[in-house]
Amino acid sequence: MSKDPYELLGVARDAAQGDITKAYRKLAKELHPDLNPGDAAAEERFKEVSAAYHLLNDPEQRARYDRGEIDASGADRPQQEFYRRYADTGEGTRYHSTSSFEDFADASDLFSELFGQQEARRGTVKMRGRDQHYHLEIDFLEAAEGAKRRVAFPQGKSLDLNIPAGTRDGATLRLKAKGGAGLNGGSAGDALVEISVRPHRLFRRDGDDILLELPVAIDEAVLGARVEVPTVSGRVAMKIQKGANTGDVLRLKGKGINAEGRTPGDQLVTLKVMLPEAPDAELETFLKTWRDRHGYDPRSQLRDMP
Amino acid sequence: MKLSEKDVVLQVDAVTLRRLRLWVGKGWIAPVTGEGGPLFDAADVARVRLLCELRDELKIAEDAVPVVLSLMDQVFSLRREMKALARAVDEQPHEVRIRIREAHLSLTKG
């Protein structure tokens, strides 16, 4: 902001503090971006006026400005997040109401189809109850395998939830008619429960596939082995082929998430060869002689890199 | 990312716990209900900021706040539906778009 703050607010240079506040309020009511959505000019002016006010409203800053010690640009305020940003992009839609369109239905067949779900009738007006919004955090395994839960929310409301297998983070469960009561015989609203899924210590999820990193011992990798692997539905036996390596991915068919109406996912097991935790003298001695005849270069592909 | 009442009070200087609960009680802010109490998202927090501005800076009287909010919410709903309709019209073939434009012009002239 480089314009004169007194000019922006339309007050004299010797205006009393109270008059400055009054002038600001009057302009802010006219120009506030949330009250003028889509009006870029109003928003620009609001920012200038707001910065001017915050400069002149601080007696010390105002005196310094009057003495010419600072210019008006020092009063630029950090970018403000207006509510409009959310209301316009759809994140604030639960504050929206379509009740003001009800009479459109009379004016247009299209509108009556779009907004026709209201149960309004002439004479007695039936009103559907409000939808009520809930949020619930569940464990990874509850989301993967499905679960039945009775959840007590504050204010005495408890809901019986049937969490389907394969519920995704951010999914919403709709419980028909478990929301607010309707008016004049209108139907009850729904309860909408947004689900957050807590991450798991071992498993990760890719759609309906489960990803797991499996540590294997050096002898298991070299010689092959049968090992037990945890899956979301319990432990299963898995064969590791002779000569398996770190990064090899083994697929346990159908051992991922088994959601209704979808092809069952797989579990993808990524091997990670682990040396013994403590240094091992016998292994060192063996490898010193082995190296002389069988040395190999696992970094040959990296040689021509700069 | 959902915030608790305490997080919101920490994040928005101008709001107190008492005030926040008052506004939620009146339905001006509509958080979702979690197991441990109300949970607020970014849109709720922006709305709390807006309410603070309406009350503290613009000195909108408490009685007038629901009037302002109701009109504001209606404007935002209308804007949203208008945008959706505009997009729906845009997706129509060229001749249909022209016919809609002519019909619209003749209706608004009268």
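All of these numbers come straight from a predicted model, not from anything done at the bench. (Residues numbered from 1 in each chain as written. Chains lettered and ligands numbered in written order. Predicted model: local features only at pLDDT ≥ 70, side-chain atom pairs only at ≥ 80, totals over all residues. Heavy atoms only, no water.)

**Here's the deal with the domain arrangement of chain A**
What counts here: Residue ranges for the domains trace back to a domain assignment, done automatically or taken from a database.
Assigned domains within chain A: domain 1 (5-87), domain 2 (127-201) and domain 3 (210-290). The C-alpha centroid of domain 3 of chain A is placed 64 Å from the C-alpha centroid of domain 1 of chain A.

**A short note on the packing of aromatic side chains**
Which entries qualify depends on this criterion: Any Phe, Tyr or Trp ring, taking Trp's six-membered ring, that has another such ring centre within 6.5 Å forms a pair; planes under 30 degrees apart are called stacked, those over 60 apart edge-to-face, and the others tilted. Segments assigned H or I by DSSP are reported as helices when at least four residues long, segments assigned E as strands when at least two residues long, and all are numbered from the N terminus. The buried label applies to any residue whose accessible area, calculated with a 1.4 Å probe on protein chains only, is under 20% of its type's maximum; exposed applies above 50%, and partly exposed to all values in between. Criterion for a charge above a ring: Arg CZ or Lys NZ at most 6 Å from the ring centre, at most 35 degrees from the ring normal.
For the structure on display, the rule yields eight aromatic pairs over all chains. Taken together, a centroid distance of 6.3 Å and an interplanar angle of 75° make the contact between tyrosine 83 of chain A and tyrosine 95 of chain A edge-to-face. With tyrosine 83 of chain A in the loop between helix H4 (59-66) and helix H5 (84-89) and tyrosine 95 of chain A in the loop between H5 and helix H6 (104-107), the pair connects residues that are 12 residues apart, well separated along the chain. Taken individually, tyrosine 83 of chain A and tyrosine 95 of chain A each receive the classification buried, so the pair is uniform in this respect. The aromatic ring of tyrosine 86 of chain A is capped on one face by arginine 85 of chain A, whose charged end is 4.7 Å from the ring centroid. Between arginine 47 of chain B and the ring centre of tyrosine 95 of chain A, over which it is positioned, the NZ or CZ distance is 3.7 Å.

**Thoughts on the pairing of strand E3 (residues 158-163) of chain A**
The cut-off we apply is this: DSSP-based pairing: two strands are paired if at least 2 bridges between them are found.
By the alternation rule, side chains of E3 of chain A split into Leu159, Leu161 and Ile163 of chain A, which are all buried, and Ser158, Asp160 and Asn162 of chain A, of which none is buried. Connecting the antiparallel pair strand E2 (residues 147-152) of chain A and E3 of chain A is a turn made up of five residues, with glutamine 155 of chain A showing a positive phi of about 70°.

**Concerning the nonpolar core**
How we decide: The definition of a nonpolar core used throughout is a set of buried Ala, Val, Leu, Ile, Met, Phe, Trp, Tyr and Cys residues joined through side-chain atoms within 4.5 Å. Any pair of residues with heavy atoms lying within 4.5 Å of one another is described as a contacting pair.
Grouped together as the largest cluster of nonpolar side chains are 50 residues, with contacts concentrated most on Leu9 and Tyr83 of chain A together with Val8, Val15, Trp23, Val48 and Leu51 of chain B. Elements that contribute at least two residues to this core include exactly helix H1 (5-9), helix H2 (17-31), helix H3 (40-56) and H5 of chain A together with helix H2 (17-26), helix H3 (42-57) and helix H4 (65-90) of chain B. For this core, the element with the highest residue contribution is H3 of chain B, accounting for eight residues. The residues touching valine 48 of chain B, leaving out its near neighbours within four places in the chain, are Val8, Val12, Val15, Leu20, Trp23 and Ile29 of chain B. Counting residues in each nonpolar core, the second largest holds 36 residues, with Leu159, Met238, Ile240 and Val269 of chain A among its members.

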